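Observations on the model geometry
Letter by letter, the chains look like this.
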Amino acid sequence: MIKKEMIAMLLAGGQGSRLGVLTKSVAKPAVSFGGKYRIIDFPLSNCINSGVDTVGVLTQYQPLRLNAHIGIGIPWDLDKNVGGVTVLPPYERSTGSDWYSGTANAIYQNLEYMETYNPDYVLILSGDHIYKMDYEVMLDYHKASNADLTIATMPVPIEEASRFGLAITDETGRIIEFEEKPKNPRSNLASMGIYIFSFPVLKEALIQLNEEPNCDFGKHIIPYIREKGGRIFAYEFNEYWKDVGTLSSYWQANMELVDIIPEFNLYEEYWKIYTKCDNIKPQYLGETASVSRSIISEGCDIFGTVENSVLGPGVTVEEGAYVKDTILMGDVFIGKDTRIEKAIIAEQTHVGEGCELGVGEYAESKYDPKVYQADLVTIGEHSVIPDGVKIGKNTAIKGITVPEDYPAGLLESGGYIIKEGDVK
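The rules behind the values
Residues numbered from 1 in each chain as written. Predicted model: local features only at pLDDT ≥ 70, side-chain atom pairs only at ≥ 80, totals over all residues. Heavy atoms only, no water. Salt bridge = Lys/Arg side-chain N within 4 Å of Asp/Glu carboxyl O. Helix = DSSP H or I, 4+ residues; strand = E, 2+ residues; numbered from the N terminus. Buried < 20%, exposed > 50% of the residue type's maximum accessible area, 1.4 Å probe, protein only. 1 Å grid on protein atoms, 1.4 Å probe; cavity = no way out; pocket = protein on both sides within 12 Å on 5 of 7 lines; lining within 4 Å. Points joined across faces, edges and corners; volume = space filled by probe spheres on them. Nonpolar A, V, L, I, M, F, W, Y, C, P; charged D, E, K, R; others polar. Pairing = 2+ DSSP bridges. Phe/Tyr/Trp six-rings, centres within 6.5 Å; stacked < 30°, edge-to-face > 60°. Lys NZ or Arg CZ within 6 Å of the ring centre and 35° of its normal.

A few words now on the pattern of salt bridges. Applying the stated criterion across every chain, the model contains 18 salt bridges. Where Arg186 meets Glu179, a salt bridge forms, and the shortest distance between an N and an O atom there is 2.9 Å. For the salt bridge of Glu204 with Lys228, the shortest nitrogen-to-oxygen distance reads 3.4 Å. Taken together, the positions of Glu204 in helix 6 (residues 199-208) and Lys228 in the loop between helix 7 (217-227) and strand 14 (232-236) put the pair 24 residues apart, joining distant regions of the chain. A relative accessible area of 53% means that Lys228 is categorised as exposed. Through salt bridges with shared partners, a single network forms among Glu177, Glu179 and Arg186.

Structure, rendered in structure tokens:
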């Protein structure tokens, strides 16, 4: 039997509905970030930088883009004969087939994969966080504590603590109580959704709770291990970590990359972030181009003005166009004399000439106020914006739009145009 000390199970099947039209046809971990990267690149890079060379990636929602990006794991040096990266979608069994119905249920359905490597420890990760962490240091802490389960935690402001699962610890770091999103928090140590289990403990808990509907780590597995007297410890992490699960946090995290001294540094030699790179032409800045405090990826053609923005590969900004505080994903085209402020525009979108995006006063979204906020213009992939239209704040667009979709040439703040079915 193959023997690995620790393997990683990376949960990457989430729909990411709070990212609105950005995840209508792509899984959240496959959404682009920081220009040429995708969100899943960060936990995968952490794995190989930490010496974890066996990673199971659990996919479910819209997996095509994610599967194509991961491939056989070459960019992360995870193309191994033994171990490496393995994509693990739900599959049919002799007793029937099941979708993954909870984080722990997804892991349970891949028990056979884990047993193949007979690991001492299993690292559970989420595929939608931006951070750098040495999992080997966390494993050393787990061993030194003689823990059954170690939960990575991060101090958060006490006024925000009720949004998280919270650990209450004793002086040794052992978790004596764990509260899931309490109204009156007694701790500010928030779970990051990163766990190291001693494998026998995890296996026993998964088998015992496999009939539990929507079996989840926070709601079921952790309380079960606690009730059995298991040793659960908190590993405190005090560096950059961002959950980019909302449009505002996703936009903010990208904007932080272009700070003069970015809190999260993509350029460190000793902890590289790896990604799948296509062979495309170099970037080109024309005679009329003006670029300041921005990330410009390979293959971009810039003839207009770009300020404080993040541009993915193959973006074109035509002469006279002005782009500020904006994320343009791969192969977006911005026409002449168009002005854009505070927008997120997904792949292969065409914005016509003489448009204005981000105009007018604040208005609550008429489509989904919980998702579309922070004054952002959000445009899904493969969309078309006709020449000369104006688009307000807190707006959502998906699909090929025509001038008739914009009464008096305007989509007012809070408005939306969704052309491909009424799905948020």
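So, about helix 1 (residues 41-49). Taking burial as the measure, the nine residues of helix 1 include eight buried ones, the bulk of the element. All buried positions along helix 1 are accounted for by Asp41, Phe42, Pro43, Leu44, Ser45, Asn46, Cys47 and Ile48. Immediately beyond the C-terminal end of helix 1, within one or two residues, lies Gly51, with a positive phi of roughly 85 degrees.

Scanning all chains against the criterion turns up one cavity of 30 Å³ or more. Here the largest cavity defines a volume of roughly 50 Å³. Around the largest cavity, the lining is made up of 11 residues, and of these Leu22, Val26, Val31, Met329 and Glu347 lie nearest the centre. Residue composition of the lining of the largest cavity, by class: six nonpolar, one polar and four charged.

Time to look at the sheet that holds strand 24 (residues 327-328). Strands pair in a sheet through their backbones, by hydrogen bonds, and they do so in one of two ways: parallel or antiparallel. Overall, parallel pairing links the seven strands, which are arranged 18-21-24-27-30-33-35 in an open sheet. Because the sheet does not close on itself, it has two edges, and the strands there are strand 18 (295-296) and strand 35 (416-418).

Attention shifts here to the sheet that holds strand 17 (residues 290-292). Read across the open sheet, the seven strands follow the order 17-20-23-26-29-32-34; overall the sheet is parallel. Of all the strands in the sheet, just strand 17 and strand 34 (410-411) have a single pairing partner and so form its edges. Pairing analysis gives three bridges linking strand 20 (residues 305-307) to strand 23 (residues 322-324), with the strands arranged parallel. Across the sheet, residue Thr305 finds its bridge partner in strand 23, namely Tyr322.

Summed over all chains, the structure comprises 13 aromatic pairs. Ring geometry for Tyr367 versus Tyr416: centroids 4.4 Å apart, planes at 25 degrees, classification stacked. One end of the pair, Tyr367, is in the loop between strand 29 (356-359) and strand 30 (377-379); the other, Tyr416, is in strand 35, with 49 residues separating them in the sequence. Its relative accessible area of 6% is what places Tyr367 among the buried residues. Overall, Tyr416 belongs to the partly exposed group, its relative accessible area being 37%. Feature note: the residues Phe33, Tyr37, Phe42, Tyr240, Tyr250 and Phe264 constitute an aromatic cluster, connected by ring pairs. One Lys or Arg, Lys132, reaches over the ring of Phe264 and ends 5.1 Å from the middle of that ring. Note that Lys342 overlies the ring of Trp251, its terminal NZ or CZ placed 4.9 Å from the centroid.

Relative to the helices and strands, Ile194 resides in strand 13 (residues 189-198). The class of Ile194 is buried, set by a relative accessible area of 0%.

Judged by how many residues are buried, strand 10 (residues 149-155) sits mostly within the fold: six of seven residues are covered. Where strand 10 meets strand 13, six bridges bridge the pair, whose relative direction is antiparallel. Considered in strand 13, the bridge of Thr150 is made with Ile196. As paired strands, strand 10 and strand 14 are joined by five bridges and run parallel to one another. Bridging from a neighbouring strand, Thr150 pairs with Phe233 of strand 14.

Right, let's get into the layout of surface pockets. Roughly 600 Å³ of internal volume is contained in the second largest pocket. Along its surface, the second largest pocket is lined by 24 residues, and Arg38, Lys276, Asp278, Pro313 and Asp331 are the ones closest to its centre. Taken together, the elements giving at least two residues each to the lining of the second largest pocket come down to strand 3 (37-38) and helix 2 (64-70). Counting residues per element, the lining of the second largest pocket draws most heavily on helix 2, at three residues. Here the residues of the lining of the second largest pocket sort into five nonpolar, nine polar and 10 charged.

This part covers unusual backbone geometry. Positive phi outside glycine occurs at Asp325, with the angle close to 50 degrees. By the element assignment, Asp325 lies in the loop between strand 23 and strand 24. Phi at Asp337 is positive, roughly 60 degrees, even though this residue is not glycine. Within the element layout of this structure, Asp337 appears in the loop between strand 25 (333-334) and strand 26 (339-341).

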